[in-house]
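# Coordinate inspection notes
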Amino acid sequence: QVQLVESGGGLVQSGGSLRLSCVASGRTFSRSSMGWFRQVPGKEREFVAEISWIADIRYLTDYADSVKGRFTISRNNAKNTVYLQMNSLTPEDTAVYYCAARAGSQRTTRPDDYGYWGQGTQVTVSS
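Notes on the structure in this doc start here. (Residues numbered from 1 in each chain as written. Predicted model: local features only at pLDDT ≥ 70, side-chain atom pairs only at ≥ 80, totals over all residues. Heavy atoms only, no water.)

## With respect to the side chain of Arg102
- By secondary structure assignment, the location of Arg102 is in strand 9 (residues 95–103).
- Its relative accessible area of 6% is what places Arg102 among the buried residues.
- Contacts of Arg102, omitting those with residues within four sequence positions, involve Ser32, Ser33, Glu50, Ser52, Arg107, Thr108, Asp113, Tyr114 and Gly115. (Helix = DSSP H or I, 4+ residues; strand = E, 2+ residues; numbered from the N terminus. Buried < 20%, exposed > 50% of the residue type's maximum accessible area, 1.4 Å probe, protein only. Contact = heavy atoms within 4.5 Å.)

Set out below in structure tokens:
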């Protein structure tokens with residue numbers, strides 16, 4: 001089984017930054033594609049960023065238009081950890097952020113394509 005644990009959320013002022021971390025269990029983390037999604041109460045879970053597995057040492061990244069240029073997804077395979085660096089935050093970024101994992105390298109923005117999810121971490125951006 002795969003377990004994902006997010007951390008790093010909190011309260012930040014508009015224009016500030018946060019870095020989210022997601023620690024994954026298992027032995028095949030380097031071969032997993034990882035994604036970040038976010039969800040606001042009453043709305044569907046939406047894609048934020050993805051780092052998809054291509055090979056053991058090669059990955060591709062993808063971002064939602066709403067966060068492109070502000071957020072950066074990265075991973076440290078030695079630590080079984082994926083990160084989401086969030087800069088220039090706005091109140092519209094307020095949401096619960098979820099880390100997710102999947103097998104394969106095909107690009108996707110669909111939550112249903114991800115088989116493993118963390119419990120989420122709250123990010124609140126004040127005006």
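## As for unusual backbone geometry
- Positive phi is not limited to glycine here, since Asn80 has a value of about 50 degrees.
- Topologically, Asn80 is positioned in the loop between strand 7 (71–76) and strand 8 (81–86).

## Details of the pairing of strand 11 (residues 121–126)
- Taking every second residue as pointing to the same face, the buried face of strand 11 carries Thr121, Val123 and Val125, while none of Gln122, Thr124 and Ser126 on the other face is buried.
- In terms of strand pairing, strand 2 (residues 10–13) meets strand 11 through four bridges, oriented parallel. Opposite Gly10, over in strand 11, you have Val123 as the bridge partner.
- Both strand 9 and strand 11 contribute to a ladder of three bridges, which runs antiparallel. Each residue of the ladder has a partner; that of Ala95, found in strand 11, is Val123. (Pairing = 2+ DSSP bridges.)

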